[in-house]
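Breakdown of the fold
The primary structure of each chain is shown beneath.
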Amino acid sequence: DAKTTQPPSMDCAEGRAANLPCNHSTISGNEYVYWYRQIHSQGPQYIIHGLKNNETNEMASLIITEDRKSSTLILPHATLRDTAVYYCTGVSGGNQFYFGTGTSLTVIP
Amino acid sequence: NAGVTQTPKFQVLKTGQSMTLQCAQDMNHEYMSWYRQDPGMGLRLIHYSVGAGITDQGEVPNGYNVSRSTTEDFPLRLLSAAPSQTSVYFCATIRWATTYEQYFGPGTRLTVT
């Protein structure tokens, strides 16, 4: 089964870049990688997704390795409001999304 | 647009009781799904639907039923509640064949005693 692996927790100083890694070695060649975050116990919020190329939007950047076995979400200037659990997710069988246990990011003042 | 709405926000059940968690969306999205999230855990897929009249099982379907008679609604039924079903339940939608970005509802906190 397709799976993702993330470190359970990370700290980042406010104003610095937060780099959150994800291993998705079982992802297939045509499956996107998605990143979501969950603040407190709210519903997860979409951040960004990518297939092969690096992607950037107003929230974050996504770097995907050439072999597609891992990716890194980059929050360029972390703020206290970025404290959340970040999930790297994928799709299994074309229409079943799977979430791992995520990384709890704490932004420190 | 209200987006994805879930009712109720909180519910307490006794073991053996049944109930339906409601999920509604006004975005005309084809794909709808239900997840459960246990304390300190990620989300696990219960059931999903790629369109009206079509449903399928996810990772943890036992003890739950779903139906999709309209595009807008995707109710989740607990047939006979058990303490192991104490969890937070999230409904999500996707406009299929586009960005596959999921839109999540605010969740329903269920406690089974």
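Calculation notes
Residues numbered from 1 in each chain as written. Chains lettered and ligands numbered in written order. Predicted model: local features only at pLDDT ≥ 70, side-chain atom pairs only at ≥ 80, totals over all residues. Heavy atoms only, no water. Helix = DSSP H or I, 4+ residues; strand = E, 2+ residues; numbered from the N terminus. Rg over C-alpha atoms; globule rule 2.2 N^0.38 Å. Contact = heavy atoms within 4.5 Å. Buried area = accessible area lost by both parts, 1.4 Å probe. Nonpolar A, V, L, I, M, F, W, Y, C, P; charged D, E, K, R; others polar. Phe/Tyr/Trp six-rings, centres within 6.5 Å; stacked < 30°, edge-to-face > 60°. Buried < 20%, exposed > 50% of the residue type's maximum accessible area, 1.4 Å probe, protein only. Lys NZ or Arg CZ within 6 Å of the ring centre and 35° of its normal. 1 Å grid on protein atoms, 1.4 Å probe; cavity = no way out; pocket = protein on both sides within 12 Å on 5 of 7 lines; lining within 4 Å. Points joined across faces, edges and corners; volume = space filled by probe spheres on them. Disulfide = S-S within 2.5 Å. Salt bridge = Lys/Arg side-chain N within 4 Å of Asp/Glu carboxyl O. Pairing = 2+ DSSP bridges.

1. Quick word on the overall build of chain A
The number of helices and strands found in chain A is zero helices and ten strands. Order of helices (α) and strands (β) in chain A, N terminus to C terminus: β-β-β-β-β-β-β-β-β-β. The C-alpha radius of gyration computed for chain A amounts to 13 Å, which stays within 12% of the reference 13 Å derived for 109 residues, consistent with globular compactness. Here the C-alpha coordinates of chain A stretch approximately 40 × 30 × 20 Å along the principal axes.

2. Regarding the interface of chain B and chain A
With 23 residues of chain B at the interface, the matching set in chain A holds 17 residues. Taken over both partners, the interface formed by chain B and chain A buries close to 1600 Å², and the fraction arising from carbon and sulfur atoms is 56%. Of all residues in chain B, the largest losses of buried area upon contact with chain A belong to L43, Q102 and F104 of chain B, amounting jointly to 25% of the total for that side. Breaking the side of chain B that touches chain A down by element, the ones donating at least two residues are β4 (31-37), β5 (43-51) and β9 (87-94) of chain B. Class assignment for the residues of the side of chain B that touches chain A results in 13 nonpolar, seven polar and three charged.

3. Quick notes on the packing of aromatic side chains
In total, this model carries twelve aromatic pairs over all chains according to the counting rule given. With centroids separated by 6.2 Å and ring planes inclined at 45°, the aromatic side chains of Y32 of chain A and Y34 of chain A adopt a geometry described as tilted. Owing to a relative accessible area of 2%, Y34 of chain A belongs among the buried residues under this scheme. Their ring planes at 85° and their centres at 5.4 Å tell us that F99 of chain A and Y35 of chain B sit as a pair that is edge-to-face. Taken together, the residues F99 of chain A in strand β9 (residues 96-99) and Y35 of chain B in strand β4 connect one chain to another. Feature note: the residues Y36, Y46, Y87 and F99 of chain A together with Y35 and F104 of chain B constitute an aromatic cluster, connected by ring pairs. The ring of F74 of chain B has R68 of chain B lying over it, and the distance from NZ or CZ to the ring centre is 6.0 Å.

4. Re the layout of surface pockets
Within this model, the second largest pocket holds a volume of roughly 290 Å³. Lining the second largest pocket we find 18 residues, and of these S41 of chain A together with Q37, D38, P39 and G40 of chain B sit closest to its centre. Elements represented by at least two residues in the lining of the second largest pocket include exactly β8 (84-92) of chain A together with β9 and β11 (108-112) of chain B. Here the lining of the second largest pocket is built from residues that sort into seven nonpolar, nine polar and two charged.

5. So, the state of the cysteines
Residues and elements named next belong to chain A. Enumeration according to the criterion identifies two disulfides over all chains in this entry. At a sulfur-sulfur separation of 2.1 Å, the disulfide partner of C22 is C88. Every disulfide takes its handedness from the sign of the S-S torsion; for C22 and C88 that torsion is -70°, giving left-handed. Of this pair, C22 sits in strand β2 (residues 18-23) while C88 sits in strand β8, placing them 66 residues apart in sequence. Given a relative accessible area of 3%, C22 falls into the buried group. You can see C12 has no disulfide; the closest cysteine sulfur is in C22, sitting 18 Å from it. Since its relative accessible area comes to 8%, C12 is described here as buried.

6. Some points on the pattern of salt bridges
Where charged atoms of side chains with opposite charge meet at close range, the side chains can pair. Residues and elements named next belong to chain B. Following the criterion strictly, the structure yields three salt bridges over all chains and no others. Across the salt bridge formed by D38 and R44, the nearest N and O atoms sit 2.6 Å from each other. By relative accessible area, which is 15% here, D38 ends up buried. If you follow the salt bridges from partner to partner, you end up with R36, D38 and R44 in one network.

7. Quick word on the sheet that holds strand β7 (residues 70-75) of chain A
Residue and element names in this part refer to chain A. Reading across from one edge, β2-β7-β6-β5 is the order of the four strands in this open sheet, with antiparallel pairing throughout. The strands lining the two open edges of the sheet, one partner per strand, are β2 and β5 (55-56). Inspection of the sheet shows β5 paired to strand β6 (residues 61-64) by two bridges, in the antiparallel sense. Counterpart to T56 in the pairing with β6 is S61.

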